[in-house]
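Okay, here's what each chain looks like letter by letter:
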Amino acid sequence: MLKAAGSMCVLAACIGFVRELLRTGSLHKEYLEALIELTELLSAEIRYERLPIQEALQQIQKKIRPEIAFVLRQMIDQMKDATGTPFSEIWEQAFRKGGKELFLTGEELEEVCRIGKHLGFLDQRQQEEHLQGCRERLQRLLRLRQKELEEKKHMYRCLGVAAGIFVILILV
């Protein structure tokens, strides 16, 4: 009886691990979608509101996922400190710190850091074009991530159950 209970616990742990892997992949996808939305919101603020970048970020943080809003708040706070740091560096530092919580890969993080490089000092049309290019690259990365997740989803489930059964066989 005790062996059966232990076996069920091992199997449940393996399945739980697989669920966590899939949840992380799903969150990653959601964060990429939110970053694409961020580029759209930035573009709209530049086009219609014509707000300074700090005020635009304050408006956007109210409309975006909390995890990304937190990164934007860090930027706003650093800009309020008026240390003389260029905006592009503030943007990059904030996203490099928050990149791990957003599950960003190296390529995705580089693309997100690229967003802030030309904001605030180019003319309106150039900023919109820059954001459009960044949005398209993020969408390409999102499609790759979705394809990868779909390909691995079934394999993760099968390997999780197989690993659980394997551990049970070794222990019993």
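See the structure above.
In this text the structure is predicted, and so the values were computed from the model without any measurement. (Residues numbered from 1 in each chain as written. Predicted model: local features only at pLDDT ≥ 70, side-chain atom pairs only at ≥ 80, totals over all residues. Heavy atoms only, no water.)

Caption draft 1: Layout of the packing of aromatic side chains. Inspection of every chain in the model, using the stated rule, returns 3 aromatic pairs. Relative to F95, the ring of W91 lies with its centre 5.1 Å away and its plane at 45°, an arrangement referred to as tilted. Placement of both W91 and F95 in helix 4 (residues 87-98) is noted, with a separation of 4 residues, approximately one turn of the helix. Pair check on accessibility: W91 and F95 agree, each one buried. (Phe/Tyr/Trp six-rings, centres within 6.5 Å; stacked < 30°, edge-to-face > 60°. Helix = DSSP H or I, 4+ residues; strand = E, 2+ residues; numbered from the N terminus. Buried < 20%, exposed > 50% of the residue type's maximum accessible area, 1.4 Å probe, protein only.)

Caption draft 2: Just the pattern of salt bridges, in detail. Per the stated rule, a full pass over the model turns up 15 salt bridges. When the shortest N-O distance is used, the salt bridge between E128 and R47 registers 3.2 Å. With a gap of 81 residues between them, E128 in helix 6 (residues 124-171) and R47 in helix 1 (residues 2-49) connect regions that are remote in the sequence. Since its relative accessible area comes to 17%, E128 is described here as buried. What makes R47 partly exposed here is its relative accessible area of 31%. One salt bridge connects E92 with K117, and the closest N-O pair in it is separated by 3.7 Å. (Salt bridge = Lys/Arg side-chain N within 4 Å of Asp/Glu carboxyl O.)

Caption draft 3: Representation of the packing of helix 1 against helix 5 (residues 106-115) in the model. It is the contact of helix 1 with helix 5, at a shortest axis distance of 12 Å, that shows an interaxial angle of 15°. As summarised for this structure, helix 1 and helix 5 are arranged roughly parallel, according to the angle between their axes. When you trace helix 1 past helix 5, the crossing you get is left-handed. Across the interface between the two elements, H28, L32, L35, T39 and L42 from helix 1 touch E108, V112 and I115 from helix 5. The class makeup of the residues in the contact of helix 1 with helix 5 is 5 nonpolar, 2 polar and 1 charged. (Axes fitted to C-alpha atoms, helices over the stretch in contact; angles between N-to-C directions. Parallel < 35°, antiparallel > 145°, perpendicular 65-115°, else oblique. Left-handed = near helix turned anticlockwise from the far one by under 90°. Contact = heavy atoms within 4.5 Å. Nonpolar A, V, L, I, M, F, W, Y, C, P; charged D, E, K, R; others polar.)

Everything listed here is a matter of geometry and, on its own, says nothing about what the molecule does.
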